[in-house]
Amino acid sequence: MLERTSFREGLRYRGGSSMWAWMLHRITGLGVLLFLSIHILETFTLSFGPDFYNNTMELYNTIFFRVAEIGLLFAVLYHAINGIRITIQDFWPALWRYERALVWAGFVILIFVFIPLAVWGLLPVFRGEL
Amino acid sequence: MRVRFDIKRYDPEKDEAPYFQNYEVELGETDRVLDGLNEIRWRQDGTLTFRRSCEHGICGSDAMRINGRNRLACKTLIREVGRRVRIEPLLGFPVVRDLVVDQQRFFQDYRSVLPFLVNDDPPPPRERLQSPEARRRFDDTTKCILCAACTTACPSAWGNDSFLGPAAIVQAHRFIFDTRDHATVERLARLAGRCGVWACRTAYNCTMACPREIQVTRAIAEVKRAALLGGP
Amino acid sequence: MASYPPAPPTGRFEMYSWLFMRVSGIVLLVMAVFHLLLMHYGIGVEQLNYQVVATRWGSPWWRLYDFFLLLLALTHGMNGARILMDEYLRAGGWRLVLKIVLSLLYLLLLVMGAWVIVTF
Ligand code: SF4
Ligand code: FES
C-alpha cells in the first residue's frame, strides 16, 4: 500500500518492454471501449427507421472516420495480441525468461497483420474516393 | 574518472520542494555508486542523507532510483551507469530526508501475509525434515532481503493503494510452497482478496528491479495459480 | 514483538474478475476480430445500411452472435474501466460516484444494444 505516485513520476521510471506494453494495453483498451460505446449508440438508431440510420452511417464514410477506423483496427489487434501474451505468461510462469522476446514477437505479429489490413482499409482514401 | 552525481534532495522541514544538487566525484570503473555517495557525504557535503549498512547487498538498506531504475547503490558499479548518475529516492514513500524514505507501509504489508512458519505440530526430536526437492520449490523466494525495490517499481502499486505489492507476495510464496507450513489456506485467502495478487498486471518491473535476481513475477504467477486452484 | 496489521480483506470478486478478463479476452479475440474483419473488409462499412442489417439479422444466429459479442465486449471493457478507476482515483466519495455512473452507463448501453438486437 504505497502512496500514490503521479503519472509523471511513473512515466519517468525506466521499466522494460513489458511496462510499455502494459501502458499501451490500457490506452488501447480505453480507446476500444470509447468506440464500442459510440458503436452501440449508432446501432441503436436502427430503431428510428431506415432514413435516420442510413444518415448516421453516412458519417462513417468520411476521411476522418476512415483513418479513425485504422486506429481502431490497431487498438483492437494490439489489445488482443498483447492480452493473449499476458494470459500465456500468467498461466505459464516459467516463461518469465522470455518476457522481452514475447513482447517483441507480439509486435511482429501485430505489424504483419496490421499493415496489410491498414493499407487495404485506406485504399478508398488513396484512390480519392472519399 | 570524474563522475557527476545529480541527487534529488529534500528536507521536508526546510525545503518547499525537492531539488537536484550536483556533485563531482573521482571514481574508478569498478567502484560502486555507494562509494560515490560515501565520498560526497564524507568529503564534500555532510548533509547528504541516505541509508546503508552492510555495503554488500544483503541488508536491503540502500535501494534507490539510479538513472531512473530501482537498484541497490552497493551493488551497482560505476561502469554500469556511466559518467552521469541521477539518484532519486524510491517512489511511493514519504521522503524523510533526501534518499531516506519512510517504509512503514511496506513493512505493514509484509507483516500482513504472515511471513513466518506456522506449524503447531509438536516439534520432532531433532528438526522438521524436508526433502531437497520440496526445499527447492521455494528456494528462489528465500533470497529476498526486503529492500522494497520491486514493490516501488511496480506500476500497479504506484496506482492501486490497496495492493500489498510484489515483495509481500514473494514472502508469502516462500511459506505457501513450504511443505512444513500449515497456514497456506489463510495466506492464500489474504492474497486472493482485493489487496492481493490480482492487481498484478504482469509488467515485470519487479523482476527487473530485484537486486537478488528473484523471479518475482514468476513467484506472483505461481501464487495466482495456487489461489485459483485452492492450494499449491 | 512487532504488531501484526489486521488481515487484508478476503473475498473472491477480484479473482473472478481477473479470470473473466482472460477467458472473455480469448473468446473476444475470435469473435470481435472476426466481426471487425467481416464488417470492415468483408461487407465494407460504406456498404452498410439499414437493408444490409435487416438481411443479416434475418437469421436468429447472427442476432445471437451479436448479442454475445455485445455482452462480452461491453462487460470486458467496462470492467477494465472499473479497474482503472480503482487504480487511479482515490478511494472515497468521488470514486464511488463515478463507479455508480459507470455502472449505470454499462446497464444503459447493454439495454440499448440488446433492445435493438431483439426488437429490430
Ligand atoms: S523480492 Fe527482490 S526487490 Fe523485492 S524486496 Fe525482495 S530482494 Fe528486494
Ligand atoms: S548497504 Fe546493505 S544492501 Fe546495500
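Quick summary incoming for the structure in this document. (Residues numbered from 1 in each chain as written. Chains lettered and ligands numbered in written order. Predicted model: local features only at pLDDT ≥ 70, side-chain atom pairs only at ≥ 80, totals over all residues. Heavy atoms only, no water.)

Things to note about the side chain of B:R201
Quick reminder of the rule: For helices the rule is a DSSP run of H or I covering at least 4 residues; for strands it is a run of E covering at least 2, with both sets numbered from the N terminus onward. Per-residue accessibility, obtained with a 1.4 Å probe over protein chains only, is compared with the maximum for each type, and a residue is labelled buried under 20%, exposed over 50%, and partly exposed between these values. Here a residue-residue contact requires only that any non-hydrogen atoms of the pair lie within 4.5 Å.
Turning to its location among the elements, B:R201 is positioned in the loop between α7 (184–192) and α8 (205–209). According to the relative accessible area criterion, B:R201 is buried, its value standing at 17%. Here B:R201 is in contact with A:W22, A:R26, A:I86, B:S156, C:I83 and C:E87, once residues within four sequence places are set aside.

Structural notes on the interface of chain B and chain A
Inclusion rule: The term buried area refers to how much accessible surface (probe radius 1.4 Å) is lost by two components on association, counted for both of them together. Salt bridge criterion: a side-chain nitrogen from Lys or Arg within 4 Å of a carboxyl oxygen from Asp or Glu. Here a polar contact is taken to be a pair of N or O atoms separated by no more than 3.5 Å, where protein atoms must pair a possible hydrogen donor with a possible acceptor and residues adjacent in sequence count only if both atoms sit in side chains. Residues were grouped as follows: Ala, Val, Leu, Ile, Met, Phe, Trp, Tyr, Cys and Pro as nonpolar; Asp, Glu, Lys and Arg as charged; and all remaining residues, including Gly, as polar.
Across the boundary between the two partners, chain B contributes 41 residues, which contact 24 residues of chain A. Of the roughly 3,200 Å² buried where chain B meets chain A, counting both sides, 54% is carbon and sulfur surface. On inspection of chain B and its partner chain A, the count reaches five salt bridges. The residue B:K224 makes a salt bridge to A:D90 at a minimum N-O spacing of 3.0 Å. Across the chain B-chain A interface, the total number found is 16 residue pairs in polar contact (both at pLDDT 80 or more). Mapped by element, the contributors of at least two residues to the side of chain B that touches chain A are β4 (69–72), β5 (84–88), α3 (104–111), α5 (155–159), α8 and α9 (216–229) of chain B. Per element, the largest residue contribution to the side of chain B that touches chain A is six residues, and it comes from α9(B). Considering only residue class, the side of chain B that touches chain A consists of 16 nonpolar, twelve polar and 13 charged.

Here's the deal with the pattern of salt bridges
Residues and elements named next belong to chain B. Scanning all chains against the criterion turns up 38 salt bridges over all chains. Among the ionic pairs, R32 bridges to D35, the shortest N-O distance being 3.0 Å. One salt bridge in this structure joins R135 and D139, with 2.9 Å as the shortest N-O distance.

Side note on the sheet that holds strand β1 (residues 2–9) of chain B
Residues and elements named next belong to chain B. Spelled out, the test is: Whether two strands pair comes down to DSSP finding at least two bridges between them. Here the axes come from fitting lines to C-alpha atoms, over the contacting stretch only for helices, and the angles between their N-to-C directions go from 0 to 180 degrees.
Strand order in the open sheet formed by five strands is β2-β1-β5-β3-β4, with mixed pairing between adjacent strands. What marks the edges here is a single partner per strand, and that holds for β2 (19–26) and β4. Put simply, the sheet's adjacent strands are angled 35 degrees from each other on average, direction ignored. With respect to the sheet, helix α1 (residues 33–44) is in contact with β1, β2, β3 (63–66) and β5, its orientation differing from that of β2 by roughly 95 degrees.

Looking at the site of ligand 1
Stated precisely, the cut-off is as follows: To be near a molecule or strand, a residue needs just one of its heavy atoms within 4 Å of it.
Taken together, the residues surrounding ligand 1 are B:C144, B:I145, B:L146, B:C147, B:A148, B:A149, B:C150, B:A167, B:C210, B:P211, B:R212 and B:I214. In the shell around ligand 1, the residues fall into eleven nonpolar, no polar and one charged.

Nothing here speaks to function; it is all geometry.
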